[in-house]
2 protein chains.
Amino acid sequence: MALTPARTMPGVLELLPLDQIAFQRMLDVIRRNYERFGFLPVETPVIEFSDVLLTKTGGETERQVYFVQSTGSLEQGEKPDLALRFDLTVPLARYVAEHEHDLSFPFRRYQMQRVYRGERAQRGRFREFYQCDIDVIGKDSLSVRYDAEVPAVIYSVFRELNIGAFTIQLNNRKLLRGFFESLGVVDGEQQTLVLREVDKLDKRGADSVREVLTGAAFGLSVDVVEKILGFVQVRSTSLQDAYDKLDALGAGPESMEQGRAELKEVLGLIHAFGVPEAYYALNLSIARGLDYYTGTVYETTLNDHPQIGSICSGGRYENLAGQYTKSHLPGVGISIGLTRLYWQLRDAGLVSTANSTVDVLVTQMDSAHIPAYLELANELRGAGIATEVVLEGSKLGKQFKYADRAGIRFVIVLGENEIAKGMVTVKDLRREDQFEVARSELIKALRVELEQQQAMG
Amino acid sequence: MALTPARTMPGVLELLPLDQIAFQRMLDVIRRNYERFGFLPVETPVIEFSDVLLTKTGGETERQVYFVQSTGSLEQGEKPDLALRFDLTVPLARYVAEHEHDLSFPFRRYQMQRVYRGERAQRGRFREFYQCDIDVIGKDSLSVRYDAEVPAVIYSVFRELNIGAFTIQLNNRKLLRGFFESLGVVDGEQQTLVLREVDKLDKRGADSVREVLTGAAFGLSVDVVEKILGFVQVRSTSLQDAYDKLDALGAGPESMEQGRAELKEVLGLIHAFGVPEAYYALNLSIARGLDYYTGTVYETTLNDHPQIGSICSGGRYENLAGQYTKSHLPGVGISIGLTRLYWQLRDAGLVSTANSTVDVLVTQMDSAHIPAYLELANELRGAGIATEVVLEGSKLGKQFKYADRAGIRFVIVLGENEIAKGMVTVKDLRREDQFEVARSELIKALRVELEQQQAMG
């Protein structure tokens with residue numbers, strides 16, 4: 001039989017076991033922090049009815065949808081009525097609308113699952129990737145105070161992920177809208193187009209952006225463009241500085257005043273949530289592409305790796321599920337795109353291959369002693385120490401090589417001698433060290449080492 | 001705008017948060033035990049190239065595949081070349097063949113992900129479900145001792161899942177084949193057909209099965225049929241009884257002798273792995289539908305709920321990835337179909353809705369004290385206690401109702417009085433009890449309660 005080449009489609013990130021362990025540890029940290037803040041787990045099916053998924057027709061996203069068809073439906077030439085989710089927000093909206101009467105509000109859920117986008121194959125673009133989302137959904141209303149809780153969660157997550165200094169950057173869409181109105185740029189679409197140009201500031205420079213905005217396409221006055229460029233360059237260096245810079249914007253229309261008041265309350269509360277001032281800042285250039293957001297918006301960047309871009313984004317929205325229910329469901333949330341983040345961190349050398357989840361390898365000196373090896377392994381496992389036993393006979397050197405290659409730290413040798421003396425020989429492959437310990441002391445000795453290892457990350 | 005009805009497709013199990021927590025706890029138990037036995041995590045993409053997925057053409061499975069197509073490919077009327085995985089075994093084969101030179105053998109992996117089958121919609125049939133698999137893959141060869149490790153993992157998992165007494169039942173395909181050969185039923189396909197009839201023993205009774213097997217379709221002699229019926233009814237009650245019953249089968253052709261020897265070695269080693277005799281038994285009726293298995297085969301059943309059927313099945317196979325690589329990769333593994341199992345256990349009242357993952361709700365007496373509430377929550381979270389703070393003002397009674405409905409056990413009241421006295425009032429909604437505790441003693445007090453709760457499951 002001809003062999004089929006074993007391969008995956010482009011745009012997926014499949015990991016070798018030790019990398020998978022590193023990835024899994026990041027997932028675990030995120031989950032632990034989400035749970036600590038009182039978010040509840042939700043999982044939704046990967047496949048949804050396409051009419052449910054694509055209620056908001058048009059747009060980039062829809063062109064990237066993967067449609068799904070069973071063999072039978074395909075054979076009958078039917079059009080697919082199923083599709084893979086492209087984010088976790090639409091399924092959340094569907095979930096909340098469907099189960100509304102069984103949920104308690106404010107509904108706080110986390111969801112960490114994969115989503116699918118038929119992107120063009122390109123380095124750093126993923127067709128399958130993890131999103132790790134939290135959202136707080138209110139019924140009828142939701143206090144702006146929840147907008148301050150979200151950065152507290154972000155802070156807690158990224159501090160524990162330990163990938164370097166980061167800044168949670170905040171803005172408010174109402175402030176942005178009001179500011180544009182005050183300049184006579186009243187149309188929402190026009191505002192979006194202007195912001196899209198302004199977004200190119202870093203890449204093209206102020207002169208180029210100025211030229212476009214004062215040109216025929218936009219026709220803004222030099223004075224207005226200067227005000228816009230001044231506005232979007234506002235960054236705060238401390239909480240007081242943020243208050244001052246917001247005040248210095250001067251009076252504006254109602255929505256600008258509302259946005260300013262919300263930002264001030266949120267910035268102050270973030271502090272009360274225990275987030276140090278160095279970890280969050282006002283950044284009036286943040287707009288978020290989606291028209292979806294209506295109030296606070298967030299982006300988070302790594303201070304030493306700005307090229308990675310935002311590692312966690314989100315914001316406040318007016319109504320989650322208007323396409324499914326008449327209930328008014330405002331919310332606030334964020335998303336971490338973990339697959340892309342992990343890939344970038346690995347690329348930047350900020351995460352390395354993990355130690356194995358296997359703590360101990362019990363070697364096989366003599367197959368006659370296998371029951372003794374199994375008994376020892378049983379004890380270790382009972383104490384929560386992950387243990388593998390060599391069941392296939394081979395030379396001891398080969399067994400050590402296996403442990404080394406597999407990233408297993410401790411190798412245990414239990415030979416005739418050791419069994420007679422009630423001792424165990426432990427080789428620590430990480431420290432390149434070896435010690436003998438009484439069988440009865442083994443678990444204690446390994447636990448000390450493993451706890452130290454865990455404490456050091 | 002007309003509303004789109006919020007709904008999921010039939011055949012998926014979407015859970016409310018407290019059920020999702022119960023489900024997640026089962027996943028966690030399985031993962032913890034898999035890791036303790038030294039299995040490494042692997043995740044593979046949900047979407048695979050269909051030619052990779054469907055190398056073994058034909059059969060029930062292929063008729064149930066979900067094909068996947070991007071919007072662009074659909075518009076161009078192309079035939080889909082992508083499909084969703086229908087199990088974790090084919091992706092494992094592809095993974096091992098693709099990454100063969102980066103893996104250490106024996107390769108021990110666990111994988112806990114969802115798989116997809118275009119089943120007819122029917123109660124208890126799922127189109128999306130979790131499989132939780134372990135496999136040990138050897139290169140060129142793999143000691144039969146690994147066949148004894150698998151039941152040790154099963155024992156460890158189901159003991160901790162705590163869903164009642166269970167029995168891991170073992171048989172061996174070589175023994176089965178040899179036995180049939182000794183009766184003159186030499187053709188493999190014929191053996192399968194006979195076994196399929198024998199499988200109806202419980203449903204239709206011995207007379208009906210006897211009639212079919214001696215009838216025109218099979219043409220077996222009464223004597224042969226009696227021997228087959230006697231054979232498949234062999235069950236052991238202890239390890240010694242298993243040895244005795246295997247011996248009592250009498251001499252047979254080579255493959256029967258080989259199967260018997262393997263079974264004896266495996267049964268004995270399972271004992272050395274620390275599995276009590278009450279938890280495993282010989283059951284010579286176990287064949288496993290797939291032609292895939294070549295040696296030891298397993299099924300696990302709940303003693304008090306036989307109607308649930310096998311909750312964990314698998315076995316030894318000769319060559320994992322012959323369709324992708326010339327390397328000879330024998331292995332042994334099992335799969336737990338967790339979605340169906342959870343659904344059945346819930347149906348039988350064996351799992352109930354979990355307590356919330358949220359341990360504590362900090363109520364809001366007065367919005368002026370929000371900073372104090374947040375500080376307290378911060379301390380609790382720092383101590384690993386999952387805490388939610390009420391940020392939206394409402395009557396205290398309403399806040400208690402929310403906690404109760406959401407399954408949160410502890411509600412904390414921090415009013416003017418409490419703040420002045422440095423005390424905290426804690427209401428334990430589970431015990432319907434209330435106590436006051438010094439602020440400095442709060443974490444210790446809650447930890448004691450939560451650890452007790454955890455210890456009791």
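Residues numbered from 1 in each chain as written. Chains lettered and ligands numbered in written order. Predicted model: local features only at pLDDT ≥ 70, side-chain atom pairs only at ≥ 80, totals over all residues. Heavy atoms only, no water.

A. Looking closely at helix α16 (residues 396–405) of chain B. Residue and element names in this part refer to chain B. Of the positions making up α16, those classed as buried are Gln399, Phe400, Tyr402 and Ala403. Seen from one end, α16 has its buried residues packed into an arc of 155°, which puts them on one side. Facing away from the buried side of α16 by over 90 degrees, the exposed positions are Lys398, Lys401 and Asp404. Note on α16: the residue one or two positions beyond its end, Gly407, has a positive phi of about 75°. (Buried < 20%, exposed > 50% of the residue type's maximum accessible area, 1.4 Å probe, protein only. Helix = DSSP H or I, 4+ residues; strand = E, 2+ residues; numbered from the N terminus. Arc of directions from axis to C-beta.)

B. Fine view of the pattern of salt bridges. Going through the model one piece at a time under the given rule, you end up with 68 salt bridges over all chains. For the salt bridge of Arg94 of chain B with Glu14 of chain A, the shortest nitrogen-to-oxygen distance reads 2.7 Å. Residue Arg94 of chain B is located in helix α5 (residues 89–99), and its partner Glu14 of chain A is located in the segment before α1 (17–36); the two belong to separate chains. Residues Asp28 of chain A and Arg31 of chain B are paired through a salt bridge, measuring 2.7 Å at the closest nitrogen-oxygen approach. Residue Asp28 of chain A is located in helix α1, and its partner Arg31 of chain B is located in helix α1 (residues 17–36); the two belong to separate chains. Residue class for Asp28 of chain A comes out partly exposed when judged on its relative accessible area of 21%. (Salt bridge = Lys/Arg side-chain N within 4 Å of Asp/Glu carboxyl O.)

C. Summary view of the side chain of Glu449 of chain B. Residues and elements named next belong to chain B. Along the chain, Glu449 turns up in helix α18 (residues 442–455). Take Glu449: its relative accessible area is 14%, and that puts it in the buried class. If sequence neighbours within four positions are ignored, Glu449 has contacts with Arg409, Phe410, Asp428 and Arg431. (Contact = heavy atoms within 4.5 Å.)

D. Just helix α13 (residues 254–272) of chain B, in detail. Residues and elements named next belong to chain B. With 19 residues, α13 extends 27 Å from end C-alpha to end C-alpha; this agrees with the ideal 27 Å at 1.5 Å per step. Along α13, the residues that are buried comprise Ser255, Met256, Gly259, Arg260, Glu262, Leu263, Val266, Leu267, Gly268, Leu269 and Ile270. Within two residues after α13, Gly274 carries a phi angle of roughly 90°, on the positive side. (Expected span 1.5 Å × (residues − 1).)

E. Main features of the sheet that holds strand β9 (residues 293–302) of chain B. Residue and element names in this part refer to chain B. Read across the open sheet, the eight strands follow the order β1-β5-β6-β11-β10-β9-β7-β8; overall the sheet is mixed. In this open sheet, the two strands that pair with only one neighbour each are β1 (40–41) and β8 (280–282). Sheet topology note: the strand β5 (residues 107–116)/strand β6 (residues 128–137) ladder contains ten bridges and is antiparallel. Looking at the pairing, Gln113 lines up with Gln131 of β6. Contacts between helix α6 (residues 146–161) and the sheet are confined to β5, β6, β7 (166–172), β9, β10 (312–317) and β11 (331–337), with β7 contributing the most and set at about 165° to the helix. (Pairing = 2+ DSSP bridges. Axes fitted to C-alpha atoms, helices over the stretch in contact; angles between N-to-C directions.)

F. Expanded view of the sheet that holds strand β7 (residues 166–172) of chain A. All names here are of chain A. What the eight strands build is an open sheet, ordered β1-β5-β6-β11-β10-β9-β7-β8; its pairing is mixed. With partners counted over all chains shown, the strands left at the sheet margins are β1 (40–41) and β8 (280–282), one partner each. Pairing geometry for β7 and strand β9 (residues 293–302), over seven bridges, is antiparallel. By the bridge assignment, Gln169 is partnered in β9 with Glu299. Contacting β5 (107–116), β6 (128–137) and β10 (312–317), helix α5 (residues 89–99) runs over the sheet at an angle of about 135° to β5.

G. The packing of α6 of chain B against α13 of chain B, seen in detail. Residues and elements named next belong to chain B. One way to put it is that α6 packs onto α13 with a least axis distance of 8 Å and a crossing angle of 45°. Regarding the angle of α6 to α13, the classification is oblique. Here the hand of the crossing between α6 and α13 comes out right-handed. In this structure, α6 uses Asp147, Ala148 and Pro151 to contact α13, whose residues at the interface are Val266, Leu269 and Ile270. By residue class, the composition of the contact of α6 with α13 is five nonpolar, no polar and one charged. (Parallel < 35°, antiparallel > 145°, perpendicular 65-115°, else oblique. Left-handed = near helix turned anticlockwise from the far one by under 90°. Nonpolar A, V, L, I, M, F, W, Y, C, P; charged D, E, K, R; others polar.)

H. Examining the packing of helix α15 (residues 370–382) of chain B against α18 of chain B more closely. All names here are of chain B. One way to put it is that α15 packs onto α18 with a least axis distance of 10 Å and a crossing angle of 50°. On the basis of their axis angle, the class for α15 and α18 is oblique. Helix-helix and strand crossings are classified by hand; for α15 and α18 the assignment is right-handed. Here Leu376, Glu379 and Leu380 of α15 come into contact with α18, specifically with Leu442, Ile443 and Leu446. Grouping the amino acids of the contact of α15 with α18 by side-chain chemistry returns five nonpolar, no polar and one charged.

I. Seen up close, the relation of the copies chain B and chain A. Mapping chain B onto chain A is achieved by rotating through 180° and translating by 0.0 Å along the same axis, at an RMSD of 0.0 Å. On this basis, the relationship between the two copies can be described by a two-fold rotation axis. When C-alpha positions in chain B are compared against the rotation axis, the closest is assigned to Val68 of chain B, at 2.3 Å. Interface overlap between copies: 100% of the residues of chain B at the interface are likewise at the interface in chain A, consistent with a symmetric, same-surface contact. (Least-squares fit on C-alpha atoms with pLDDT ≥ 70 in both.)

J. Quick peek at the interface of chain B and chain A. Taken together, the contacts link 108 residues of chain B with 108 residues of chain A. At the boundary of chain B with chain A, total buried surface from both sides reaches about 9,100 Å², with 58% on carbon and sulfur atoms. Looking at the side of chain B facing chain A, the largest losses of area belong to Glu14, Glu43 and Leu391 of chain B, adding up to 7% of the total buried there. The tally of links from chain B across to chain A stands at twelve salt bridges. In this assembly, chain B and chain A are joined by 42 residue pairs in polar contact (both at pLDDT 80 or more). Residue contributions to the side of chain B that touches chain A peak at eight residues, all from α1 of chain B. By residue class, the composition of the side of chain B that touches chain A is 55 nonpolar, 29 polar and 24 charged. (Buried area = accessible area lost by both parts, 1.4 Å probe. Polar contact = N/O pair within 3.5 Å; in protein donor to acceptor, adjacent residues only side chain to side chain.)

K. Spatial organisation of empty space enclosed by the protein. By the definition in use, this model includes eight cavities of 30 Å³ or more. Considering the residues around the largest cavity, the lining is formed by 33 residues, among which Glu43, Met112 and Tyr130 of chain A together with Glu43 and Tyr130 of chain B are closest to the centre. Contributions of two or more residues to the lining of the largest cavity are made by α1 and β5 of chain A together with α1 and β5 of chain B. Looking at the lining of the largest cavity, its residues break down into 16 nonpolar, seven polar and ten charged. (1 Å grid on protein atoms, 1.4 Å probe; cavity = no way out; pocket = protein on both sides within 12 Å on 5 of 7 lines; lining within 4 Å. Points joined across faces, edges and corners; volume = space filled by probe spheres on them.)

L. The arrangement of unusual backbone geometry in detail. Looking along the chain, the bond that leaves Phe105 of chain A and enters Pro106 of chain A is cis, with omega of 0°. Relative to the elements of secondary structure, Pro106 of chain A occurs in the loop between α5 and β5. For Asn162 of chain A, which is not a glycine, the phi torsion comes out positive at approximately 60°. With respect to the element layout, Asn162 of chain A can be found in the loop between α6 (146–161) and β7. By relative accessible area, Asn162 of chain A is classed as exposed at 63%. Despite not being glycine, Asp140 of chain B has its phi angle at roughly 70°, a positive value. Tracing the chain through its elements places Asp140 of chain B in the loop between β6 and α6.

M. A look at the UniProt feature "binding site: L-histidine" (unreviewed entry) in chain A. All names here are of chain A. Per the UniProt annotation, the sites labelled "binding site: L-histidine" (unreviewed entry) are Asp87, Leu88, Thr89, Arg117, Gln131, Asp135, Arg288, Tyr292 and Tyr293. By the element assignment, Thr89 lies in helix α5. In this structure Thr89 comes out as partly exposed when scored by relative accessible area, which is 22%. In this view, Thr89 contacts Asp133, Tyr292 and Leu320; residues no more than four positions away in its chain are not counted. Mapped onto the fold, Tyr292 is located in the loop between β8 and β9. On the accessibility criterion, Tyr292 (21% relative accessible area) is partly exposed. (UniProt positions renumbered as here; feature names shortened; annotations may be inferred.)

N. Seen up close, the packing of aromatic side chains. Residue and element names in this part refer to chain A. Counted under the stated rule, the structure contains 26 aromatic pairs over all chains. Relative to Phe231, the ring of Phe179 has its centre 3.8 Å away and its plane inclined at 10°; by these criteria the two rings are stacked. Here Phe179 is found in helix α7 (residues 173–182), whereas its partner Phe231 is found in helix α11 (residues 222–232), with 52 residues between them in sequence. Neither residue differs from the other here; Phe179 and Phe231 are each classed as buried. A centroid spacing of 4.9 Å and a plane angle of 25° characterise the contact between Tyr292 and Tyr317, whose relative ring orientation is stacked. (Phe/Tyr/Trp six-rings, centres within 6.5 Å; stacked < 30°, edge-to-face > 60°.)

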